[in-house]
Amino acid sequence: MKDYFIGEEEFFPGIGKIGYEGPKSDNPLAFKFYDPQKKVGGKTMAEHLRFSIAYWHSFCAKGSDPFGNETMVFPWSDPDPMIAARKKADAAFEFTTKLGAEYYCFHDIDAAPDASSVTEYERNYFAVAEMLKSLQNETGVKLLWNTSNMFSHPRYMNGAASNPEFSILARAAAQVKASLDVNVLLGGQNYVFWGGREGYMSLLNTRMKQEQDHIARFFMLARDYGRKIGFTGPFLIEPKPMEPSKHQYDYDAATAIGFLRNYGLDKDFKCNIENNHATLAGHTFAHDLQVCADAGMLGSVDANEGDAQNGWDTDEFPTNVYDSVEAMMVILKMGGFTTGGLNFDAKLRRNSTDREDLFIAHIGGMDTFALALEIADRIISDGKLDTMVANRYRSYESGKGAEFEAGKLTLADLRDIAASQPEPALVSGKQEMIKNLINQYIFG
Ligand code: XLS
Ligand code: NI
Ligand code: NI
(Lines give C-alpha, C1' and ligand atoms only; values in the text may rest on other atoms or scores of the structure.)
(Ligands and ions follow the chains in the order given, each with its own letter.)
Protein backbone atom coordinates (compact mmCIF):
# COMPACT_ATOMS: atom_id res chain seq x y z
CA MET A 1 0.00 0.00 0.00
CA LYS A 2 2.79 2.40 0.99
CA ASP A 3 3.98 2.37 -2.65
CA TYR A 4 0.96 4.34 -3.67
CA PHE A 5 0.54 6.64 -0.76
CA ILE A 6 2.70 9.69 -0.76
CA GLY A 7 2.40 11.95 2.28
CA GLU A 8 2.06 11.30 5.98
CA GLU A 9 -1.60 10.48 5.79
CA GLU A 10 -3.42 8.05 3.53
CA PHE A 11 -6.54 9.73 2.19
CA PHE A 12 -8.09 6.79 0.36
CA PRO A 13 -7.46 3.95 2.83
CA GLY A 14 -8.49 0.48 1.85
CA ILE A 15 -8.09 1.23 -1.86
CA GLY A 16 -4.92 0.02 -3.56
CA LYS A 17 -3.68 0.25 -7.10
CA ILE A 18 -6.59 -0.21 -9.51
CA GLY A 19 -5.96 -3.19 -11.76
CA TYR A 20 -7.42 -4.55 -14.98
CA GLU A 21 -9.71 -7.52 -14.29
CA GLY A 22 -11.61 -7.76 -17.60
CA PRO A 23 -15.27 -7.41 -18.61
CA LYS A 24 -16.55 -10.25 -16.39
CA SER A 25 -15.19 -8.82 -13.14
CA ASP A 26 -17.73 -7.73 -10.55
CA ASN A 27 -15.18 -5.72 -8.60
CA PRO A 28 -16.31 -2.07 -8.85
CA LEU A 29 -12.73 -0.99 -8.10
CA ALA A 30 -11.21 -2.66 -11.16
CA PHE A 31 -10.97 -1.80 -14.84
CA LYS A 32 -13.19 -3.90 -17.07
CA PHE A 33 -11.91 -2.57 -20.41
CA TYR A 34 -8.95 -0.27 -19.74
CA ASP A 35 -5.83 -2.41 -19.87
CA PRO A 36 -3.07 0.24 -19.97
CA GLN A 37 -0.39 -1.86 -21.68
CA LYS A 38 -2.68 -3.48 -24.24
CA LYS A 39 -1.72 -2.55 -27.79
CA VAL A 40 -4.33 -1.06 -30.10
CA GLY A 41 -3.10 -0.22 -33.58
CA GLY A 42 0.58 -0.03 -32.63
CA LYS A 43 0.32 2.00 -29.41
CA THR A 44 -0.70 1.03 -25.90
CA MET A 45 -4.05 2.14 -24.54
CA ALA A 46 -2.23 4.40 -22.08
CA GLU A 47 -0.27 6.04 -24.91
CA HIS A 48 -3.45 6.67 -26.89
CA LEU A 49 -5.67 7.93 -24.12
CA ARG A 50 -3.34 9.98 -21.88
CA PHE A 51 -5.84 10.27 -19.03
CA SER A 52 -5.71 13.29 -16.77
CA ILE A 53 -7.34 14.12 -13.43
CA ALA A 54 -8.92 17.54 -12.87
CA TYR A 55 -7.85 18.97 -9.52
CA TRP A 56 -10.81 21.33 -9.20
CA HIS A 57 -13.63 18.82 -9.46
CA SER A 58 -11.95 15.96 -7.66
CA PHE A 59 -10.18 17.62 -4.77
CA CYS A 60 -11.74 21.11 -4.38
CA ALA A 61 -15.47 21.10 -5.18
CA LYS A 62 -17.49 19.81 -2.27
CA GLY A 63 -20.88 19.34 -3.83
CA SER A 64 -22.57 22.69 -3.26
CA ASP A 65 -24.99 23.92 -5.92
CA PRO A 66 -27.07 27.11 -6.23
CA PHE A 67 -29.69 25.55 -3.94
CA GLY A 68 -27.70 23.40 -1.57
CA ASN A 69 -24.71 23.40 0.71
CA GLU A 70 -21.63 21.21 0.57
CA THR A 71 -22.26 17.50 0.87
CA MET A 72 -18.69 16.20 0.80
CA VAL A 73 -16.25 16.02 3.66
CA PHE A 74 -12.62 16.11 2.52
CA PRO A 75 -10.06 14.78 5.00
CA TRP A 76 -7.46 16.91 3.25
CA SER A 77 -9.21 20.13 4.40
CA ASP A 78 -7.31 22.19 6.96
CA PRO A 79 -7.87 25.62 8.53
CA ASP A 80 -4.32 26.64 7.56
CA PRO A 81 -4.45 27.29 3.80
CA MET A 82 -0.86 26.21 3.12
CA ILE A 83 -1.29 22.97 5.07
CA ALA A 84 -4.56 22.43 3.21
CA ALA A 85 -2.72 22.91 -0.11
CA ARG A 86 -0.06 20.40 0.93
CA LYS A 87 -2.63 17.82 2.01
CA LYS A 88 -4.70 18.35 -1.11
CA ALA A 89 -1.62 17.79 -3.27
CA ASP A 90 -0.83 14.59 -1.38
CA ALA A 91 -4.43 13.42 -1.83
CA ALA A 92 -4.36 14.28 -5.55
CA PHE A 93 -1.13 12.37 -6.19
CA GLU A 94 -2.23 9.42 -4.05
CA PHE A 95 -5.48 9.24 -6.01
CA THR A 96 -3.87 9.68 -9.44
CA THR A 97 -1.19 7.09 -8.72
CA LYS A 98 -3.61 4.52 -7.34
CA LEU A 99 -5.88 5.03 -10.33
CA GLY A 100 -2.99 4.79 -12.77
CA ALA A 101 -3.68 8.04 -14.64
CA GLU A 102 -0.55 9.67 -15.98
CA TYR A 103 -1.51 13.34 -15.99
CA TYR A 104 -3.26 16.01 -13.94
CA CYS A 105 -4.55 19.54 -14.55
CA PHE A 106 -5.21 22.47 -12.24
CA HIS A 107 -6.16 26.14 -11.96
CA ASP A 108 -3.73 28.32 -9.98
CA ILE A 109 -6.13 28.74 -7.06
CA ASP A 110 -7.18 25.07 -6.97
CA ALA A 111 -3.65 24.21 -6.00
CA ALA A 112 -2.50 27.23 -4.01
CA PRO A 113 -4.22 29.68 -1.64
CA ASP A 114 -5.46 32.83 -3.39
CA ALA A 115 -4.50 36.27 -2.07
CA SER A 116 -5.48 39.76 -3.08
CA SER A 117 -1.88 40.97 -3.07
CA VAL A 118 -0.10 39.82 -6.20
CA THR A 119 3.16 39.16 -4.35
CA GLU A 120 1.45 37.03 -1.74
CA TYR A 121 -0.45 35.16 -4.43
CA GLU A 122 2.82 34.48 -6.25
CA ARG A 123 4.58 33.41 -3.05
CA ASN A 124 1.84 30.89 -2.27
CA TYR A 125 1.69 29.61 -5.82
CA PHE A 126 5.44 29.14 -6.26
CA ALA A 127 5.72 27.38 -2.89
CA VAL A 128 2.96 24.95 -3.85
CA ALA A 129 4.53 24.49 -7.28
CA GLU A 130 7.70 23.25 -5.59
CA MET A 131 5.62 20.70 -3.66
CA LEU A 132 3.94 19.61 -6.87
CA LYS A 133 7.28 19.28 -8.54
CA SER A 134 8.59 16.91 -5.91
CA LEU A 135 5.35 14.90 -6.01
CA GLN A 136 5.68 14.65 -9.79
CA ASN A 137 9.24 13.41 -9.41
CA GLU A 138 8.24 10.88 -6.77
CA THR A 139 5.27 9.45 -8.68
CA GLY A 140 6.01 10.05 -12.37
CA VAL A 141 2.64 11.80 -12.76
CA LYS A 142 2.93 14.66 -15.28
CA LEU A 143 1.19 17.99 -15.82
CA LEU A 144 -1.11 17.94 -18.87
CA TRP A 145 -1.95 21.62 -18.42
CA ASN A 146 -2.56 24.34 -15.92
CA THR A 147 -4.61 27.50 -16.23
CA SER A 148 -5.53 30.61 -14.28
CA ASN A 149 -8.91 31.00 -12.67
CA MET A 150 -10.05 34.39 -13.96
CA PHE A 151 -13.73 33.89 -13.29
CA SER A 152 -14.44 33.12 -9.60
CA HIS A 153 -13.14 36.19 -7.81
CA PRO A 154 -15.59 39.16 -7.70
CA ARG A 155 -13.03 41.37 -9.46
CA TYR A 156 -13.70 39.33 -12.63
CA MET A 157 -17.46 39.86 -12.62
CA ASN A 158 -17.16 42.02 -15.77
CA GLY A 159 -14.52 39.83 -17.40
CA ALA A 160 -10.76 39.33 -17.23
CA ALA A 161 -8.95 40.24 -20.47
CA SER A 162 -12.30 41.57 -21.76
CA ASN A 163 -12.90 43.73 -18.68
CA PRO A 164 -13.80 47.34 -19.50
CA GLU A 165 -11.52 48.32 -16.59
CA PHE A 166 -7.81 48.16 -17.39
CA SER A 167 -6.61 47.53 -13.81
CA ILE A 168 -8.47 44.21 -13.81
CA LEU A 169 -6.98 43.14 -17.12
CA ALA A 170 -3.56 43.80 -15.58
CA ARG A 171 -4.49 41.75 -12.49
CA ALA A 172 -5.50 38.87 -14.73
CA ALA A 173 -2.18 39.15 -16.55
CA ALA A 174 -0.36 38.68 -13.24
CA GLN A 175 -2.17 35.37 -12.80
CA VAL A 176 -1.34 34.20 -16.32
CA LYS A 177 2.31 35.15 -15.92
CA ALA A 178 2.55 33.18 -12.67
CA SER A 179 0.79 30.17 -14.17
CA LEU A 180 3.19 30.17 -17.13
CA ASP A 181 6.16 30.30 -14.75
CA VAL A 182 4.69 27.36 -12.84
CA ASN A 183 3.92 25.52 -16.06
CA VAL A 184 7.55 25.71 -17.16
CA LEU A 185 8.76 24.63 -13.71
CA LEU A 186 6.49 21.58 -13.84
CA GLY A 187 7.10 20.69 -17.49
CA GLY A 188 3.45 21.27 -18.49
CA GLN A 189 2.46 19.92 -21.90
CA ASN A 190 -0.10 22.64 -22.72
CA TYR A 191 -1.45 25.88 -21.28
CA VAL A 192 -5.22 26.46 -21.23
CA PHE A 193 -7.47 29.52 -21.39
CA TRP A 194 -11.10 29.02 -20.57
CA GLY A 195 -12.86 32.38 -20.76
CA GLY A 196 -15.95 31.91 -18.63
CA ARG A 197 -16.32 35.65 -18.10
CA GLU A 198 -14.88 36.67 -21.48
CA GLY A 199 -18.20 37.56 -22.99
CA TYR A 200 -21.10 39.74 -21.97
CA MET A 201 -24.18 39.79 -19.83
CA SER A 202 -25.84 42.57 -21.86
CA LEU A 203 -24.85 43.88 -25.28
CA LEU A 204 -26.34 47.25 -24.27
CA ASN A 205 -23.33 48.07 -22.07
CA THR A 206 -20.70 46.22 -24.12
CA ARG A 207 -18.22 47.12 -26.86
CA MET A 208 -17.76 43.70 -28.36
CA LYS A 209 -14.99 44.60 -30.81
CA GLN A 210 -12.84 46.45 -28.28
CA GLU A 211 -13.18 43.57 -25.80
CA GLN A 212 -12.18 41.00 -28.40
CA ASP A 213 -9.21 43.12 -29.49
CA HIS A 214 -8.12 43.19 -25.85
CA ILE A 215 -8.42 39.42 -25.46
CA ALA A 216 -6.32 38.93 -28.59
CA ARG A 217 -3.66 41.37 -27.38
CA PHE A 218 -3.65 39.60 -24.00
CA PHE A 219 -3.15 36.24 -25.71
CA MET A 220 -0.26 37.65 -27.76
CA LEU A 221 1.44 38.89 -24.59
CA ALA A 222 0.94 35.50 -22.92
CA ARG A 223 2.36 33.75 -25.96
CA ASP A 224 5.38 36.04 -26.12
CA TYR A 225 6.08 35.62 -22.41
CA GLY A 226 5.60 31.86 -22.55
CA ARG A 227 7.94 31.47 -25.50
CA LYS A 228 10.51 33.71 -23.81
CA ILE A 229 10.65 31.54 -20.67
CA GLY A 230 10.82 28.27 -22.60
CA PHE A 231 7.23 27.08 -22.87
CA THR A 232 7.13 25.19 -26.16
CA GLY A 233 3.71 23.55 -26.01
CA PRO A 234 0.48 24.83 -27.48
CA PHE A 235 -1.77 27.39 -25.81
CA LEU A 236 -5.30 26.01 -25.82
CA ILE A 237 -8.58 27.88 -25.96
CA GLU A 238 -11.50 25.99 -24.45
CA PRO A 239 -14.67 27.10 -26.27
CA LYS A 240 -18.00 27.32 -24.48
CA PRO A 241 -21.08 29.23 -25.64
CA MET A 242 -22.34 30.57 -22.32
CA GLU A 243 -22.46 29.95 -18.56
CA PRO A 244 -21.52 31.87 -16.52
CA SER A 245 -21.67 34.66 -19.16
CA LYS A 246 -24.87 35.03 -21.14
CA HIS A 247 -22.69 34.95 -24.24
CA GLN A 248 -19.09 33.76 -24.31
CA TYR A 249 -16.91 35.06 -27.20
CA ASP A 250 -15.28 31.69 -27.93
CA TYR A 251 -18.73 30.20 -28.46
CA ASP A 252 -17.68 26.96 -30.16
CA ALA A 253 -14.71 25.48 -32.02
CA ALA A 254 -15.49 27.24 -35.30
CA THR A 255 -15.80 30.62 -33.58
CA ALA A 256 -12.59 30.12 -31.58
CA ILE A 257 -10.66 29.09 -34.69
CA GLY A 258 -12.01 32.08 -36.65
CA PHE A 259 -10.94 34.36 -33.81
CA LEU A 260 -7.44 32.87 -33.65
CA ARG A 261 -6.96 33.16 -37.40
CA ASN A 262 -8.33 36.67 -37.47
CA TYR A 263 -5.68 37.81 -34.99
CA GLY A 264 -2.82 35.67 -36.36
CA LEU A 265 -2.70 33.46 -33.27
CA ASP A 266 -3.35 30.16 -35.03
CA LYS A 267 0.30 29.05 -35.04
CA ASP A 268 0.60 29.02 -31.26
CA PHE A 269 -2.97 28.29 -30.20
CA LYS A 270 -5.19 25.25 -30.60
CA CYS A 271 -8.40 24.14 -28.90
CA ASN A 272 -9.26 22.12 -25.84
CA ILE A 273 -12.67 20.64 -26.64
CA GLU A 274 -15.11 19.70 -23.90
CA ASN A 275 -18.05 17.44 -24.75
CA ASN A 276 -20.54 19.27 -22.56
CA HIS A 277 -19.51 22.66 -24.02
CA ALA A 278 -20.05 21.38 -27.57
CA THR A 279 -23.51 20.13 -26.67
CA LEU A 280 -24.33 23.44 -24.94
CA ALA A 281 -23.48 25.12 -28.25
CA GLY A 282 -25.99 22.89 -30.03
CA HIS A 283 -23.37 20.59 -31.55
CA THR A 284 -22.27 17.04 -30.92
CA PHE A 285 -18.93 16.33 -29.24
CA ALA A 286 -17.67 14.80 -32.50
CA HIS A 287 -18.69 17.90 -34.45
CA ASP A 288 -16.45 20.25 -32.47
CA LEU A 289 -13.61 17.72 -32.50
CA GLN A 290 -13.90 17.39 -36.28
CA VAL A 291 -13.93 21.17 -36.79
CA CYS A 292 -10.64 21.37 -34.87
CA ALA A 293 -9.08 18.32 -36.49
CA ASP A 294 -9.85 19.72 -39.97
CA ALA A 295 -8.09 22.95 -39.01
CA GLY A 296 -5.10 21.09 -37.52
CA MET A 297 -6.06 22.65 -34.18
CA LEU A 298 -7.29 19.84 -31.94
CA GLY A 299 -4.99 20.10 -28.94
CA SER A 300 -6.67 18.30 -26.07
CA VAL A 301 -10.02 17.14 -24.75
CA ASP A 302 -12.01 17.72 -21.57
CA ALA A 303 -13.75 14.37 -21.31
CA ASN A 304 -17.15 14.59 -19.70
CA GLU A 305 -20.78 14.50 -20.79
CA GLY A 306 -23.92 16.54 -20.26
CA ASP A 307 -27.46 15.61 -19.43
CA ALA A 308 -29.77 15.43 -22.43
CA GLN A 309 -32.64 16.99 -20.49
CA ASN A 310 -30.71 19.83 -18.84
CA GLY A 311 -29.30 22.76 -20.77
CA TRP A 312 -26.29 23.45 -18.59
CA ASP A 313 -22.76 22.16 -18.05
CA THR A 314 -23.45 19.23 -15.72
CA ASP A 315 -19.89 17.87 -16.13
CA GLU A 316 -20.80 14.21 -15.68
CA PHE A 317 -18.27 11.43 -16.07
CA PRO A 318 -18.38 10.01 -19.59
CA THR A 319 -20.23 6.70 -19.88
CA ASN A 320 -21.79 7.10 -23.32
CA VAL A 321 -19.89 4.61 -25.48
CA TYR A 322 -21.52 5.66 -28.76
CA ASP A 323 -20.48 9.34 -28.42
CA SER A 324 -17.04 8.30 -27.27
CA VAL A 325 -16.60 6.02 -30.30
CA GLU A 326 -17.39 8.94 -32.60
CA ALA A 327 -14.91 11.08 -30.65
CA MET A 328 -12.16 8.46 -30.81
CA MET A 329 -12.66 8.06 -34.56
CA VAL A 330 -11.85 11.75 -35.01
CA ILE A 331 -8.86 11.55 -32.66
CA LEU A 332 -7.42 8.40 -34.26
CA LYS A 333 -7.90 9.73 -37.77
CA MET A 334 -5.97 12.87 -36.96
CA GLY A 335 -3.11 10.62 -35.81
CA GLY A 336 -3.81 10.73 -32.06
CA PHE A 337 -2.81 13.22 -29.40
CA THR A 338 0.63 14.80 -29.37
CA THR A 339 0.70 17.08 -26.31
CA GLY A 340 -2.98 16.62 -25.43
CA GLY A 341 -4.95 13.97 -23.61
CA LEU A 342 -8.31 13.12 -22.09
CA ASN A 343 -8.80 15.25 -19.01
CA PHE A 344 -11.77 14.27 -16.84
CA ASP A 345 -13.33 17.68 -16.40
CA ALA A 346 -16.13 15.87 -14.60
CA LYS A 347 -17.53 15.82 -11.11
CA LEU A 348 -19.35 13.41 -8.88
CA ARG A 349 -23.07 14.06 -8.40
CA ARG A 350 -23.49 15.81 -5.05
CA ASN A 351 -25.17 12.76 -3.57
CA SER A 352 -22.22 10.48 -4.44
CA THR A 353 -20.57 10.89 -1.10
CA ASP A 354 -18.58 7.69 -0.50
CA ARG A 355 -14.83 8.08 -0.79
CA GLU A 356 -14.66 5.22 -3.30
CA ASP A 357 -17.11 7.01 -5.64
CA LEU A 358 -14.30 9.17 -7.04
CA PHE A 359 -12.45 6.01 -8.10
CA ILE A 360 -15.58 4.35 -9.45
CA ALA A 361 -16.45 7.44 -11.53
CA HIS A 362 -12.98 7.66 -13.08
CA ILE A 363 -12.84 3.91 -13.70
CA GLY A 364 -16.10 4.24 -15.63
CA GLY A 365 -14.76 7.11 -17.71
CA MET A 366 -11.52 5.29 -18.48
CA ASP A 367 -13.32 2.07 -19.36
CA THR A 368 -15.68 4.00 -21.64
CA PHE A 369 -12.81 5.52 -23.60
CA ALA A 370 -10.90 2.22 -23.69
CA LEU A 371 -13.95 0.56 -25.25
CA ALA A 372 -14.36 3.48 -27.62
CA LEU A 373 -10.70 3.30 -28.63
CA GLU A 374 -10.91 -0.37 -29.53
CA ILE A 375 -14.18 -0.01 -31.39
CA ALA A 376 -13.04 3.10 -33.28
CA ASP A 377 -9.81 1.36 -34.22
CA ARG A 378 -11.78 -1.61 -35.56
CA ILE A 379 -14.11 0.61 -37.58
CA ILE A 380 -11.20 2.47 -39.11
CA SER A 381 -8.97 -0.52 -39.84
CA ASP A 382 -11.83 -2.55 -41.25
CA GLY A 383 -12.36 0.19 -43.82
CA LYS A 384 -16.05 -0.52 -44.59
CA LEU A 385 -17.25 2.81 -43.29
CA ASP A 386 -14.45 4.69 -45.04
CA THR A 387 -15.33 3.00 -48.32
CA MET A 388 -18.98 4.00 -47.97
CA VAL A 389 -17.98 7.60 -47.29
CA ALA A 390 -15.40 7.62 -50.09
CA ASN A 391 -18.05 6.38 -52.51
CA ARG A 392 -20.17 9.43 -51.79
CA TYR A 393 -17.38 11.69 -53.08
CA ARG A 394 -16.16 9.49 -55.94
CA SER A 395 -17.39 11.91 -58.64
CA TYR A 396 -14.60 14.32 -57.67
CA GLU A 397 -11.84 11.78 -58.21
CA SER A 398 -11.70 11.97 -61.98
CA GLY A 399 -13.12 13.78 -64.97
CA LYS A 400 -14.84 17.11 -64.54
CA GLY A 401 -15.18 16.69 -60.75
CA ALA A 402 -11.40 16.45 -60.41
CA GLU A 403 -10.98 19.45 -62.73
CA PHE A 404 -13.35 21.43 -60.49
CA GLU A 405 -11.33 20.56 -57.40
CA ALA A 406 -8.14 21.57 -59.17
CA GLY A 407 -9.64 24.99 -59.89
CA LYS A 408 -9.74 24.44 -63.64
CA LEU A 409 -13.44 25.16 -64.23
CA THR A 410 -15.36 28.43 -64.28
CA LEU A 411 -18.95 28.98 -63.26
CA ALA A 412 -19.86 29.11 -66.94
CA ASP A 413 -18.11 25.74 -67.49
CA LEU A 414 -20.23 24.27 -64.72
CA ARG A 415 -23.34 25.66 -66.40
CA ASP A 416 -22.39 24.01 -69.70
CA ILE A 417 -21.78 20.67 -67.97
CA ALA A 418 -25.20 20.94 -66.30
CA ALA A 419 -26.87 21.84 -69.59
CA SER A 420 -25.37 18.85 -71.39
CA GLN A 421 -26.58 16.27 -68.87
CA PRO A 422 -29.99 14.91 -67.83
CA GLU A 423 -31.42 15.62 -64.35
CA PRO A 424 -28.86 14.03 -61.95
CA ALA A 425 -29.94 10.76 -60.35
CA LEU A 426 -30.70 10.73 -56.60
CA VAL A 427 -27.89 9.14 -54.57
CA SER A 428 -28.76 7.75 -51.13
CA GLY A 429 -26.73 8.98 -48.14
CA LYS A 430 -27.14 5.51 -46.52
CA GLN A 431 -27.32 7.00 -43.02
CA GLU A 432 -29.41 4.19 -41.55
CA MET A 433 -27.14 1.54 -43.04
CA ILE A 434 -24.12 3.30 -41.57
CA LYS A 435 -25.70 3.48 -38.12
CA ASN A 436 -26.55 -0.22 -38.28
CA LEU A 437 -22.95 -0.93 -39.21
CA ILE A 438 -21.68 1.06 -36.21
CA ASN A 439 -23.95 -0.97 -33.93
CA GLN A 440 -22.44 -4.16 -35.36
CA TYR A 441 -18.97 -2.92 -34.40
CA ILE A 442 -20.12 -1.88 -30.93
CA PHE A 443 -22.18 -4.91 -30.02
CA GLY A 444 -21.19 -7.56 -32.57
C1 XLS B 1 -15.80 25.24 -17.26
C2 XLS B 1 -14.56 24.76 -17.84
C3 XLS B 1 -13.35 24.79 -16.92
C4 XLS B 1 -12.09 24.71 -17.72
C5 XLS B 1 -10.87 25.15 -17.00
O6 XLS B 1 -16.88 25.03 -17.78
O7 XLS B 1 -14.76 23.49 -18.37
O8 XLS B 1 -13.44 23.78 -15.97
O9 XLS B 1 -11.88 23.41 -18.19
O10 XLS B 1 -10.96 26.46 -16.59
NI1 NI C 1 -13.27 22.21 -19.10
NI1 NI D 1 -16.92 22.90 -18.55
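Quick caveat: nothing in here was measured; it's all calculated off a predicted structure.

About the criteria used
Residues numbered from 1 in each chain as written. Chains lettered and ligands numbered in written order. Predicted model: local features only at pLDDT ≥ 70, side-chain atom pairs only at ≥ 80, totals over all residues. Heavy atoms only, no water. Donors = N, O, S within 2.8 Å, 3.2 Å for Na, K, Ca; no water. Near = heavy atom within 4 Å. Polar contact = N/O pair within 3.5 Å; in protein donor to acceptor, adjacent residues only side chain to side chain. Areas by Shrake-Rupley, 256 points an atom, 1.4 Å probe, with all protein chains shown as cover. Nonpolar A, V, L, I, M, F, W, Y, C, P; charged D, E, K, R; others polar. Helix = DSSP H or I, 4+ residues; strand = E, 2+ residues; numbered from the N terminus. Buried < 20%, exposed > 50% of the residue type's maximum accessible area, 1.4 Å probe, protein only. Lys, Arg positive; Asp, Glu negative; His and termini not counted. Salt bridge = Lys/Arg side-chain N within 4 Å of Asp/Glu carboxyl O. Contact = heavy atoms within 4.5 Å. Phe/Tyr/Trp six-rings, centres within 6.5 Å; stacked < 30°, edge-to-face > 60°. Pairing = 2+ DSSP bridges. Axes fitted to C-alpha atoms, helices over the stretch in contact; angles between N-to-C directions. Core = buried A, V, L, I, M, F, W, Y, C linked by side-chain atoms within 4.5 Å. Expected span 1.5 Å × (residues − 1).

A. Region of the structure containing the coordination of the nickel ion (ligand 3). Donor atoms from the polypeptide that bind the nickel ion (ligand 3) are Glu274 (OE), His277 (NE2) and Asp313 (OD), placed at 2.1 to 2.4 Å. Between consecutive donors of the nickel ion (ligand 3), the numbers of intervening residues give the motif E-x2-H-x35-D.

B. The site of ligand 1, seen in detail. Every residue close to ligand 1 is listed here: Trp56, His107, Trp145, Trp194, Glu238, Lys240, Glu274, His277, Asp302, Asp313 and Asp345. In this structure, an oxygen atom belonging to ligand 1 sits 2.7 Å away from a side-chain N or O atom of Glu274. Protein chains bury 94% of the 290 Å² of accessible surface belonging to ligand 1 in isolation. Class assignment of the residues belonging to the shell around ligand 1 gives a composition of 3 nonpolar, 2 polar and 6 charged.

C. Representation of the coordination of the nickel ion (ligand 2) in the model. Surrounding the nickel ion (ligand 2) are the protein donor atoms Glu238 (OE), Glu274 (OE), Asp302 (OD) and Asp345 (OD), which sit 2.0 to 2.1 Å from the metal. The metal-metal distance between the nickel ion (ligand 2) and the nickel ion (ligand 3) is 3.8 Å, with Glu274 coordinating both. With Glu274 in strand β12 (residues 269-274) and Asp302 in strand β13 (residues 298-302), this residue pair connects regions lying 28 residues apart in the sequence. With respect to class, Glu274 is no different from Asp302; both count as buried.

D. The side chain of Asp302, seen in detail. Within the buried set, Asp302 has no salt-bridge partner at all; the shortest N-O distance to an opposite charge, 9.4 Å, is to Lys240. When sequence neighbours within four positions are dropped, the list of residues in contact with Asp302 reads Trp145, Glu238, Asn272, Ile273, Glu274, Asn275, Asn343 and Asp345.

E. Here's a closer look at the packing of aromatic side chains. Applying the stated criterion to the full structure yields 32 aromatic pairs. Ring centres of Phe219 and Phe269 lie 5.1 Å apart, and the angle between their planes is 35 degrees; this geometry places the pair in the tilted category. You can see Phe219 sitting in helix α7 (residues 208-228) and its partner Phe269 sitting in strand β12, a full 50 residues away along the chain. Taken as a pair, Phe219 and Phe269 share a single burial class, namely buried.

F. Inspection of the side chain of Asp367 at higher detail. The topology assignment puts Asp367 in helix α12 (residues 357-382). Here Asp367 sits buried without a salt bridge, and the closest side chain of opposite charge, Lys32, lies 4.7 Å off (N-O distance). Aside from chain neighbours lying at most four places away, what touches Asp367 is Ala30, Phe31, Lys32, Phe33 and Tyr34.

G. Looking closely at the sheet that holds strand β8 (residues 190-193). A barrel is described by the order of its strands in space; here 8 strands give the closed sequence β5-β6-β7-β8-β10-β12-β13-β14, paired in parallel fashion. Recorded for the sheet is a direction-independent mean angle of 30 degrees between the axes of neighbouring strands. Where β8 meets strand β10 (residues 235-237), 3 bridges bridge the pair, whose relative direction is parallel. Its bridge partner being in β10, Phe193 is matched across the sheet by Ile237. Contacts from helix α8 (residues 253-262) reach β10 and β12, with the element oriented near 170 degrees to β12.

H. Summary view of the environment of Ile417. Relative to the assigned elements, Ile417 resides in helix α15 (residues 411-419). On the basis of relative accessible area, Ile417 is assigned to the partly exposed category, the value being 24%. Sequence spacing of Ile417 and Glu238 is 179 residues, and the spatial spacing of their C-alpha atoms is 45 Å. Sequence-distant contacts of Ile417, defined by excluding residues within four places in its chain, comprise Lys400 and Leu409.

I. View of the nonpolar core. Leu49, Tyr55, Leu99, Phe106, Leu132 and Phe193 are the most contacted members of the largest nonpolar core, which totals 121 residues. Among residues more than four places away in sequence, those in contact with Leu99 are Ile18, Phe31, Ile53, Phe359, His362, Ile363 and Met366.

J. Spatial organisation of α7. The terminal C-alpha atoms of α7 lie 30 Å apart, and with 21 residues this matches the ideal 30 Å at 1.5 Å per residue to within 8%. By the burial criterion, the buried members of α7 are Glu211, Gln212, Ile215, Ala216, Phe218, Phe219, Met220, Ala222, Arg223, Tyr225 and Gly226. Taken together, the buried residues of α7 touch α6 (166-186), β8, β9 (199-200), β10, α8 and β12. Once α7 finishes, Gly230 follows within two positions and takes phi at roughly 100 degrees, a positive value.

K. Inspection of the pattern of salt bridges at higher detail. In this structure the tally under the stated criterion is 20 salt bridges. Two residues, Lys209 and Asp213, come together in a salt bridge whose shortest N-O distance is 3.0 Å. Linking Lys209 with Asp213, this pair stays in helix α7, spanning 4 residues, or about one helical turn. Accessibility expressed as a relative area gives 60% for Lys209, which makes it exposed. Asp268 is the salt-bridge partner of Arg227, the closest N and O atoms lying 3.1 Å from each other. A residue pair is termed long-range when its members are at least 10 positions apart, and Arg227 in helix α7 and Asp268 in the loop between α8 and β12 qualify at 41 residues. Linked by salt bridges that have partners in common, Arg223, Asp224, Arg227 and Asp268 make up one network.

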